[in-house]
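If you want the building blocks of each chain, they are given just below.
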Amino acid sequence: MKKSFFLIVLSLGLFDTLSAQESQSTKKVNTIIEHLNTKNSDALLRMMADSARIGNLPVMDNSKVVPEILSKFNSITDFSVSKQERLPNGDLLISLGVTYQDGKEGKPTFTFNKKGDIVNLGIIKARLTGNPERALADAKAAAIQPDTVQIPFQMMNGLIYVPAKLNNQQGYFMFDSGAPVLILRKKYISEAHISKDVSVDFTGMGGMMQDVKWATGNTLDWGGIQLNDLDAPVASMDDMELENGVPIFGLMGYGILKGYQLTFDYGKQLLLLEKVDEQGNLTGTQFAKGEILSSSAMRMKRHIPIVDVLVDGAVYPMGIDCGANANVIKVAAAEVLAEHMDYDEEQVSINGVGGSAQNNKVGFLMHSSVGDVDLEDMYTAVTDQMIGGGTGDQALPIVGLLGTPFLIQYKMTLNFNKGEISFYKK
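Source: prediction; values computed, not measured.

On to the environment of D78, then. Within the secondary structure, D78 sits in strand β2 (residues 76-86). You can call D78 partly exposed: its relative accessible area is 49%. C-alpha separation for the pair D78 and I33, spaced 45 residues apart in sequence, amounts to 9.9 Å.

This is the structure in structure tokens:
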């Protein structure tokens, strides 16, 4: 009985302590609102922790930001505490319902740490813009990255699908070097990961993607490359899965390859990644690839590697994109190459992340080569779509894309940093 009695008294004492802390914090709410209404930034700063944030804004110099915000702050005429919540880390979140001087209503929040200092002054809710390339680069910089990575893949409809674990769920991504980043499917992202305060615009072949969201705090394990706290765009893509019902999480783009050279081995259905330095020199172990046939120059524009395709002595710059199951060429270039195009009677639609284009001519591009390597006739669609997006200096200086019909002919290594493509026997 004594032990039970002691525990009950201790629990009551702890409850009284928490209640006292919350009561004290509630009193501070009155003081905060007084400082807001009188625009007393010095007094407000003294109540704030050094690392305190303003709403969903990034960490900034509060000594400069707070006076600026208060100078434009609309005074609060009436308020009530709508909720007090103890967060998992021990902080106390107080939510208010307020009426401002102009008659509008709002729901600011104040968050206090265990010392009673303000750690978040939730009086601003800015609409932020997500930067997918920066977010992926930041996650990669902090990631576990082996010297070599060997990824088996499956082929479906002429496209590559690679196994990965997203947020502890096993599945696949479509591997698409024509996409600059990872794009996640909304179907496999919980609402807990979706940030409603961040917007993102994303353009692909076919135009602007619609209804793109922003997901934060994701984890990804891809062949031993482990990314934590990954932010990425989320889109409502077509419902797709592998033939065995395994989920497809979305598109895995070029950004995941930063710091590696990539080898496509369609014969063994393997992707080989080897770590390189900024100049493209190998920094660790490497895979045996067999007999090399030739190497040619390759240049990067944004996330697209570009090679010169030779046809009848003329040069045609083409981007490499493993997310295309057919080559694509612009109408104007196809007209110049008319003698080297063997057209089918059928017409096809070209699907991209931004939409679909119908009734495109399709045939085979003949008599082409890259450097010293001759290419087989390649299945090629003709389109008037914008290829790769971008305008002005950001436009891709290409007349088409080389997809699966090109990549499947040889074992190929793309060294993005060195600017070199190498061809090996299968």
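So that's the structure; there's more coming.
A positive phi angle is found at N167, which is not glycine, with a value near 50 degrees. Tracing the sequence through the fold places N167 in the loop between β10 (159-166) and β11 (169-175). Under the relative-accessibility criterion, N167 is labelled partly exposed at 23%. Located in the positive-phi region is N168, a residue other than glycine, with phi close to 70 degrees. Mapped onto the secondary structure, N168 falls in the loop between β10 and β11. For N168, a relative accessible area of 69% gives the class exposed.

Strand order in the open sheet formed by 6 strands is β8-β20-β19-β32-β33-β21, with antiparallel pairing between adjacent strands. Two strands lie at the open edges of the sheet, namely β8 (148-152) and β21 (292-297), each paired on one side alone. Across the sheet, the mean angle from the axis of one strand to that of its neighbour is 15 degrees, orientation sign disregarded. Relative to strand β33 (residues 420-424), β21 runs antiparallel, the two sharing 5 bridges.

Let us now look at the pattern of salt bridges. Overall, the coordinates contain 6 salt bridges when judged by the stated rule. With a closest N to O distance of 2.9 Å, E274 and K289 form a salt bridge. Of this pair, E274 sits in strand β20 (residues 270-275) while K289 is found in the loop between β20 and β21, placing the two residues 15 residues apart along the sequence. In this pair, the class of E274 matches that of K289, namely buried.

Rules of the game
Residues numbered from 1 in each chain as written. Predicted model: local features only at pLDDT ≥ 70, side-chain atom pairs only at ≥ 80, totals over all residues. Heavy atoms only, no water. Helix = DSSP H or I, 4+ residues; strand = E, 2+ residues; numbered from the N terminus. Buried < 20%, exposed > 50% of the residue type's maximum accessible area, 1.4 Å probe, protein only. Pairing = 2+ DSSP bridges. Axes fitted to C-alpha atoms, helices over the stretch in contact; angles between N-to-C directions. Salt bridge = Lys/Arg side-chain N within 4 Å of Asp/Glu carboxyl O.

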